[in-house]
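Remarks on the overall topology
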Amino acid sequence: MRNLKSVPDYGTSLFRIVVGFLMACHGASSLFSWPMKAMGGHTVSPTVWPGGVAALLQFVFGVLVMVGVGTRVSGIVLSGTMAYAYFSVHQEKALLPIANGGEPAALFSWAFLMIAIVGAGPLSVDAVVAKLRGASSAAVVSEPEGAPAAVAA
């Protein structure tokens, strides 16, 4: 960090890492009873609709968000998954999230939408790949075809 202007970028990365980790743990708990037992007390098969598929999406895309690979697409997938969970499981119990137990689903949905909008931040695989692509593009653009190669002194 060169100055305080870079702090929000690193905060974006930290937010993405923590939210992705929490979602991956939620999915892993449902699929493998790890790092703790599933909330229902038993694991679910990833082929069971909708709970198993949701758990698989939570685990896989949570890990992708955490490391910053395909962050925007992963954020959209998880935001939609959590919105679906809210409206299909919680909304029928009561109108407000505080009354229907849907606060985590609503918060995760909005958090992943924000991650999809803002992006991965500098501490991500996406950022490293973008830098590498930018460096290789700059090298190609700076040396026109047929120009002699620069000699290091």
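It should be noted that the structure appears before, not after, this text.
This section reports on the structure supplied with the text. (Residues numbered from 1 in each chain as written. Predicted model: local features only at pLDDT ≥ 70, side-chain atom pairs only at ≥ 80, totals over all residues. Heavy atoms only, no water.)

Counting its secondary structure elements, the chain contains six helices and zero strands. Each helix and strand of the chain, placed in order from N terminus to C terminus, yields the pattern α-α-α-α-α-α. Out of the 153 residues in the chain, the part that is buried amounts to 29%. With the model as given, the accessible surface of the chain reaches about 9900 Å², and the carbon-plus-sulfur share is 72%. (Helix = DSSP H or I, 4+ residues; strand = E, 2+ residues; numbered from the N terminus. Buried < 20%, exposed > 50% of the residue type's maximum accessible area, 1.4 Å probe, protein only. Areas by Shrake-Rupley, 256 points an atom, 1.4 Å probe, with all protein chains shown as cover.)

Note that the residue after W49, namely P50, is joined by a cis bond; omega there is -5 degrees. Its location among the elements puts P50 in the loop between helix 1 (7–32) and helix 2 (51–67).

Right, let's get into a nonpolar patch on the surface. The grouping of L14, V18, F21 and L22 at the surface amounts to a nonpolar patch, some 370 Å² of accessible area in total. Within the element layout of this structure, V18 appears in helix 1. (Patch = residues over 30% accessible without salt bridge, like charges linked within 9 Å, V, L, I, M, F, W, Y side chains within 5 Å. Salt bridge = Lys/Arg side-chain N within 4 Å of Asp/Glu carboxyl O.)

Glancing now at the packing of helix 3 (residues 71–90) against helix 5 (residues 103–118). Close contact between helix 3 and helix 5 brings their axes to 7 Å; oriented N to C, the two are set at 160 degrees. The orientation of helix 3 relative to helix 5 falls into the category roughly antiparallel. Here helix 3 runs over helix 5; the crossing is left-handed. Side by side, helix 3 and helix 5 meet where T71, R72, G75, I76, L78, S79, M82, A83, Y86 and H90 of the first sit next to A105, A106, F108, S109, F112, L113, I115, A116, I117 and V118 of the second. Residues of the contact of helix 3 with helix 5, tallied by class, amount to 14 nonpolar, five polar and one charged. (Axes fitted to C-alpha atoms, helices over the stretch in contact; angles between N-to-C directions. Parallel < 35°, antiparallel > 145°, perpendicular 65-115°, else oblique. Left-handed = near helix turned anticlockwise from the far one by under 90°. Contact = heavy atoms within 4.5 Å. Nonpolar A, V, L, I, M, F, W, Y, C, P; charged D, E, K, R; others polar.)

Before going further, it helps to spend a moment on the environment of P122. With respect to the helices and strands, P122 occurs in the loop between helix 5 and helix 6 (125–142). Overall, the relative accessible area of 34% leaves P122 in the partly exposed class. Along the primary structure P122 and G68 are separated by 54 residues, whereas in three dimensions their C-alpha atoms are 9.3 Å apart. The contacts of P122, once residues within four sequence positions are left out, are D9, Y10, S13 and A127.

Our focus in this paragraph is the side chain of S124. Of note, S124 is situated in the loop between helix 5 and helix 6. A polar side-chain atom of S124 sits 3.0 Å from the main-chain carbonyl oxygen of G121. With sequence-adjacent residues up to four places away left out, S124 is seen in contact with R16, V67 and G68. (Polar contact = N/O pair within 3.5 Å; in protein donor to acceptor, adjacent residues only side chain to side chain.)

Before going further, it helps to examine the nonpolar core. Proteins that are soluble and globular tend to have nonpolar side chains buried together. Counting eleven residues, the largest nonpolar core is built from V19, M23, F61, V65, L78, M82, A85, F108, A111, F112 and I115. When contributions to this core are tallied by element, the ones reaching two or more residues are helix 1, helix 2, helix 3 and helix 5. Examining the composition of this core, we find that four residues originate from one element, helix 5, more than from any other. (Core = buried A, V, L, I, M, F, W, Y, C linked by side-chain atoms within 4.5 Å.)

Before going further, it helps to spend a moment on the packing of aromatic side chains. Tallied over the full model, the rule gives four aromatic pairs. Taking 5.4 Å as the distance between ring centres and 85 degrees as the angle between the ring planes, the aromatic pair formed by F32 and F59 counts as edge-to-face. Of the two residues, F32 is situated in helix 1 and F59 in helix 2; the sequence distance between them amounts to 27 residues. Looking at F32, the relative accessible area reads 48%, which means it is partly exposed. Since its relative accessible area comes to 26%, F59 is described here as partly exposed. Aromatic side chains Y86 and F87 sit 5.1 Å apart centroid to centroid with 85 degrees between the ring planes, which places their arrangement in the edge-to-face category. Exposure remark for F87: the relative accessible area of 57% places this residue in the exposed category. (Phe/Tyr/Trp six-rings, centres within 6.5 Å; stacked < 30°, edge-to-face > 60°.)

So, to be careful, I would describe these as geometric facts and stop short of saying anything about function.
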